[in-house]
Amino acid sequence: MRKIHDAHVAVPGLAVVEVAAADDATAFAVQALLGARCAIAPADRTTREPGEPGVRLRCFVNLHPEPDS
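A brief structural summary. (Residues numbered from 1 in each chain as written. Predicted model: local features only at pLDDT ≥ 70, side-chain atom pairs only at ≥ 80, totals over all residues. Heavy atoms only, no water.)

So, the overall build of the protein
Part 1: For the protein, the helix and strand inventory stands at one helix and three strands.
Part 2: Across the protein, helices and strands are ordered from the amino to the carboxyl terminus as β-α-β-β.
Part 3: Going through the 69 residues of the protein one by one, you find that 17% of them count as buried.
Part 4: Long-range pairs, those at least 24 residues apart, make up 55% of the contacts in the protein between residues at least 6 apart in sequence.
Part 5: With the model as given, the accessible surface of the protein reaches about 5100 Å², and the carbon-plus-sulfur share is 56%. (Helix = DSSP H or I, 4+ residues; strand = E, 2+ residues; numbered from the N terminus. Buried < 20%, exposed > 50% of the residue type's maximum accessible area, 1.4 Å probe, protein only. Contact = heavy atoms within 4.5 Å. Areas by Shrake-Rupley, 256 points an atom, 1.4 Å probe, with all protein chains shown as cover.)

Examining the nonpolar core
Part 1: Membership of the largest hydrophobic core is limited to six residues, which are Val-19, Ala-21, Ala-27, Ala-43, Val-55 and Leu-57.
Part 2: At the level of secondary structure, the elements contributing two or more residues to this core comprise β1 (14-21) and β3 (55-62).
Part 3: Residues within four places of Ala-21 in sequence aside, it is in contact with Thr-26, Ala-27, Gly-54 and Val-55. (Core = buried A, V, L, I, M, F, W, Y, C linked by side-chain atoms within 4.5 Å.)

Points about the pairing of β3
Part 1: The pairing of β1 with β3 spans eight bridges and is classified as antiparallel. Note on β3: the bridge partner recorded for Val-17 is Cys-59.
Part 2: Sheet topology note: the strand β2 (residues 39-41)/β3 ladder contains three bridges and is antiparallel. Each bridged residue has a counterpart across the sheet, and for Ala-39 the counterpart in β3 is Asn-62. (Pairing = 2+ DSSP bridges.)

Concerning the sheet that holds β3
Backbone hydrogen bonds are what pair the strands of a sheet, in a parallel or an antiparallel way.
Part 1: Within the open sheet, the three strands sit side by side as β1-β3-β2. Their pairing is antiparallel. Each of the sheet's edge strands pairs with one partner strand only, and the pair in question is β1 and β2. Taken pair by pair, the neighbouring strands of this sheet meet at an average axis angle of 35°, ignoring direction. (Axes fitted to C-alpha atoms, helices over the stretch in contact; angles between N-to-C directions.)

Some points on the pattern of salt bridges
Part 1: All chains considered together, the criterion is met by three salt bridges.
Part 2: The closest approach of N and O atoms between Arg-58 and Glu-18, which form a salt bridge, is 3.0 Å. You can see Arg-58 sitting in strand β3 and its partner Glu-18 sitting in strand β1, a full 40 residues away along the chain.
Part 3: Arg-58 sits in the buried class, given a relative accessible area of 15%.
Part 4: Ionic pairing is found between Arg-56 and Glu-52, a salt bridge with its closest N-O pair at 3.6 Å.
Part 5: Judged by relative accessible area, Arg-56 falls into the partly exposed class, the value being 28%. (Salt bridge = Lys/Arg side-chain N within 4 Å of Asp/Glu carboxyl O.)

This is how it looks when you write it as structure tokens:
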């Protein structure tokens, strides 16, 4: 996975969430749960590390409430 940069967590309410799961379906299900509760920049694929079990998925989360439209 790429390095997490300061901009990803520059202010309170921003977070990077890395999911480790047995398979793609589980990782994307966790991402969907996060997306239902807050604003996220979703990942479109998982990664596999050679020699390690399962998959990883990283998404970026913004916990700030959306301004009223």
